[in-house]
Each structure stands twice: as structure tokens, then as C-alpha cells.
Amino acid sequence: MESVSLFDWAAHNRDVGMIEAEFAETLVNPDFAEVAYAAICHVARRQCEVHVDDLLRHLKIRPSHPNAMGAVWLRAIKDGVIIRTGTIRPCVSDPGKHNHNYPVYRSGLFHGRAA
């Protein structure tokens, strides 16, 4: 039987939870995931770094639960639209996020680089 590290187990369960939150969001707001993904792509085409503050300036709808956004970010990472940098910065554009630290991503689309 294959052994799974605690980190891998936690990451898997996090990803499953984000997908479930996205599914639940689809029931109440069917277009949210596609609109949010398009907003991430829009920001990634315009600038070399992408942060939640940048996205919130362009995304006019909000999910009913904040975890619904996680699956959209994960999709953008898997598609190469954004790339993890390992740096974080607080969210200052949404008071409801209480200056929580969010990842800063490098754009995979800036200056015509294909995803």
C-alpha cells in the first residue's frame, strides 16, 4: 500500500473542498466560475503579476462563499494562466478579507506568452 504524506493528504483535501465549494456556488450563481476565470485571464494579459486585489478590481460579482474562488484560482494555475511565485501580500481592497495574506502570481499570458 502506498504511503501518502500528511502534506499531500491535506493538499488533496483542500483541492477537493475547493471543487465542492465551486459546485455549490454553481447551484446559486451558475456563471460565477467562468466569469471569475475570465477576469483572472484578463488581468494576466494586462500585467506581469496577479494578486487578489487586481482581480477584485475587475470582478464585479462575488461568490456566495469565499472558498468558491479557490477552484477558479487552481484552474488558472493548472492552465498556466498564472504561476506561483512563493510570495504573499495582504488584500487591501476588500475590508471583509481583514488584510489576510494572499499569493502573488506571475502571469503566464503577459506579453503574448501562451498559457
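Everything below is about the structure shown above.
These lines cover the structure that appears in this document, whether it is placed above or below. (Residues numbered from 1 in each chain as written. Predicted model: local features only at pLDDT ≥ 70, side-chain atom pairs only at ≥ 80, totals over all residues. Heavy atoms only, no water.)

A word on the sheet that holds strand β1 (residues 49–50)
Note the following rule: Strands are labelled as partners when DSSP assigns at least two bridges between them. Secondary structure follows DSSP: runs of H or I at least 4 residues long count as helices, runs of E at least 2 residues long count as strands, and numbering of each begins at the N terminus.
One open sheet holds the three strands; their spatial order is β1-β3-β2, and the pairing between them is antiparallel. The sheet is open, and its two borders are formed by β1 and β2 (82–90), each paired with just one other strand. By the bridge criterion, two bridges tie β1 to strand β3 (residues 101–107) in an arrangement that is antiparallel. Looking at the pairing, Val50 lines up with Tyr105 of β3.

Focus on unusual backbone geometry
Residue His98 is not a glycine yet carries a positive backbone phi of 55°. Structurally, His98 can be placed in the loop between β2 and β3. You will see that Asn99, though not glycine, has its phi angle at about 55°, which is positive. With respect to the helices and strands, the residue Asn99 is situated in the loop between β2 and β3.

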